Structure formats: C-alpha cells, structure tokens
Amino acid sequence: MSEKISLKEAERKVFHSAFADGLWDVLIGCFLLEFSIAPLLSESLGDFWSSMVFLPFFGLVYLAVWLTRKYVVTPRIGKVTFGTARKRKLARFTLVMLVANILVFILGLVTALLADRGSAGGMTSFFKLVPTMLGLFVLLGFSFAAYLLDYPRLYFYGLLLFVTPILGEWLYQNHGAAHHGWPITFGVASAIIIGTGLVTFVRLLLKNPPIDASAEEV
C-alpha cells in the first residue's frame, strides 16, 4: 500500500513539475495583454484588426517559451513522457479550454452584434451582465484546468480574471475609465501573472542546475 501511495505521489510531483516552470504563466499573461492593448487600437484599426495584429506576437511568445523549455528547462528537470492516464487528463484540459474559449467568443460576438444594431437601449440589463458572465466563464475554465493539471495557481488566476472585467466595468461606470476599464484591469492582471511566472522561472533556474536530459514514463 505504501509503495502504491509513493508511486502515486511521485507521479503527481512529476506531472506538476512539467507545468510549474513559470512559462505557462508567462504565456497566459502575454495572451491577456491583448485585452489590455487591443481596445486602445480599436479606434484606428477596428475591432477585428486590433486583435489580429497580436497573432504574430503570440507566435513569437509561444516560440520563445518552446525554445526556453527545450534548451533551458529540460536540461534542469529532465524530459517527461506522460502515460495513458495523464494523457487523458491533458486531453480533457484541452477540451475544457476549447469550450471556455468558444463561450467567451460567442458572448463577445453576441454583445458586438447587439451593440452594432443599436440594441443597447433595450438590452441594458444584458450589457450590465456581460462582465460578470465573462468572468464566470473564465473562472470555471481556469478552475477545471487547475483540477485537471493539478496546478493550484490557476485557481488564483481564475479568481483574478473573474474580478478583472467586473472591476473594469465599475471603473468605467463610476470613474469614466476608457474602454470599460479593460486597459487598466487586464493590464494589471497580465502584469501580475507574467511577474509570477518570471519569479517562478528564476527560482527554478537557481534551484536546479543543468543535468543530463532523461525521459521518464509516468
């Protein structure tokens, strides 16, 4: 029994270490920068292109994360090959993230269509609920991801991003913050997440000197 418990704990630690290098945090934070900067570009580029211009940026960030994990992280913690059970969890994580993104996309599309058709007058209650619904979708998505990946920090990020659009709307309604406060609130949220990721990454480098890369089946 104790051996089974030890193997299960070892499996959990190895799986967790694959997502605890801080680079996922940096990737998430960089993605959130779009919600902070895109509203500032929408007047000159339009809603579509103000988002599309970030695709090359996301590609560069993803490439940088991939190269850093391959040439900096792997020589320190080794290379992990996941077994069937963990691969199923990763597949479920991918599905959850896909559903969450689809829900956010649909919410944004419906909101934009109603606003463009001049429905704001009769849909005041709906527009007031949009920040809360957006935050709720993100909270649920991050909570499921935290559970599936055994990555507790995602619970905190989910709560942070649940509050972010609501606080932005409050700043917009009460203090006249531009673009519903998103440049401020999402800017702060992304800075917190990127900062957390960088601190975690630096700690990993300090605690783990380079070792020979090895593969381990868990």
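What counts as what
- Residues numbered from 1 in each chain as written.
- Predicted model: local features only at pLDDT ≥ 70, side-chain atom pairs only at ≥ 80, totals over all residues.
- Heavy atoms only, no water.
- Helix = DSSP H or I, 4+ residues; strand = E, 2+ residues; numbered from the N terminus.
- Buried < 20%, exposed > 50% of the residue type's maximum accessible area, 1.4 Å probe, protein only.
- Contact = heavy atoms within 4.5 Å.
- Areas by Shrake-Rupley, 256 points an atom, 1.4 Å probe, with all protein chains shown as cover.
- Salt bridge = Lys/Arg side-chain N within 4 Å of Asp/Glu carboxyl O.
- Axes fitted to C-alpha atoms, helices over the stretch in contact; angles between N-to-C directions.
- Parallel < 35°, antiparallel > 145°, perpendicular 65-115°, else oblique.
- Left-handed = near helix turned anticlockwise from the far one by under 90°.
- Nonpolar A, V, L, I, M, F, W, Y, C, P; charged D, E, K, R; others polar.
- Phe/Tyr/Trp six-rings, centres within 6.5 Å; stacked < 30°, edge-to-face > 60°.
- Expected span 1.5 Å × (residues − 1).

A. Representation of the overall build of the chain within the structure. Summing up its helical and strand segments, the chain has seven helices and two strands in all. In sequence order, the chain lays out its α and β elements as α-α-α-β-α-α-α-α-β. By residue count, 35% of the 218 residues in the chain fall in the buried class. Here the analysis covers contacts within the chain between residues at least 6 apart in sequence; of these, 75% occur between residues at least 24 apart. When the accessible surface of the chain is totalled, it reaches about 13,100 Å², and 70% of it is carbon and sulfur.

B. The pattern of salt bridges, seen in detail. Throughout the structure, instances matching the rule amount to two salt bridges. For Arg-69, the salt bridge is made with Asp-21, and the minimal N-O distance between the two is 3.0 Å. Here Arg-69, found in helix α3 (residues 55–77), pairs with Asp-21, found in the loop between α1 (2–17) and α2 (23–52); they are 48 residues apart in sequence, far enough to count as distant. Among the residues examined, Arg-69 registers a relative accessible area of 22% and is labelled partly exposed. With relative accessibility at 0%, the residue Asp-21 sits in the buried group. In this structure, Arg-153 and Asp-25 form a salt bridge, with 2.9 Å as the shortest nitrogen-oxygen distance. Of this pair, Arg-153 sits in helix α6 (residues 153–175) while Asp-25 is found in helix α2, placing the two residues 128 residues apart along the sequence. Classification of Asp-25 by relative accessible area gives buried; the value is 0%.

C. Structural context of the packing of α3 against helix α7 (residues 182–207). Direction vectors running N to C along α3 and α7 enclose 45°, while the axes themselves pass 9 Å from each other. By the angle between their directions, the pair α3 and α7 is classed as oblique. For the crossing formed where α3 meets α7, the hand is left-handed. Side by side, α3 and α7 meet where Thr-68, Val-72, Val-73, Arg-76 and Ile-77 of the first sit next to Phe-201, Leu-204 and Leu-205 of the second. Partitioning the contact of α3 with α7 into residue classes produces six nonpolar, one polar and one charged.

D. Focus on the packing of aromatic side chains. Summed over the entire model, instances satisfying the criterion amount to seven aromatic pairs. Ring geometry for Phe-35 versus Phe-186: centroids 5.2 Å apart, planes at 25°, classification stacked. Pair noted here: Phe-35 is in helix α2 and Phe-186 is in helix α7, with a separation of 151 residues, a long-range link. Accessibility expressed as a relative area gives 22% for Phe-35, which makes it partly exposed.

E. Expanded view of the side chain of Thr-185. Following the sequence through the fold, Thr-185 ends up in helix α7. Exposure remark for Thr-185: the relative accessible area of 6% places this residue in the buried category. With residues near it in sequence (within four places) discarded, Thr-185 still touches Thr-164, Leu-167, Gly-168 and Leu-171.

F. Geometry of α6. With 23 residues, α6 extends 31 Å between its outermost C-alpha atoms, agreeing within 8% with the 33 Å of an ideal straight helix rising 1.5 Å per residue. Looking only at α6, the buried set comprises Leu-154, Tyr-157, Gly-158, Leu-160, Leu-161, Thr-164, Pro-165, Gly-168, Glu-169 and Leu-171. Note on α6: the residue one or two positions beyond its end, Gly-176, has a positive phi of about 65°.

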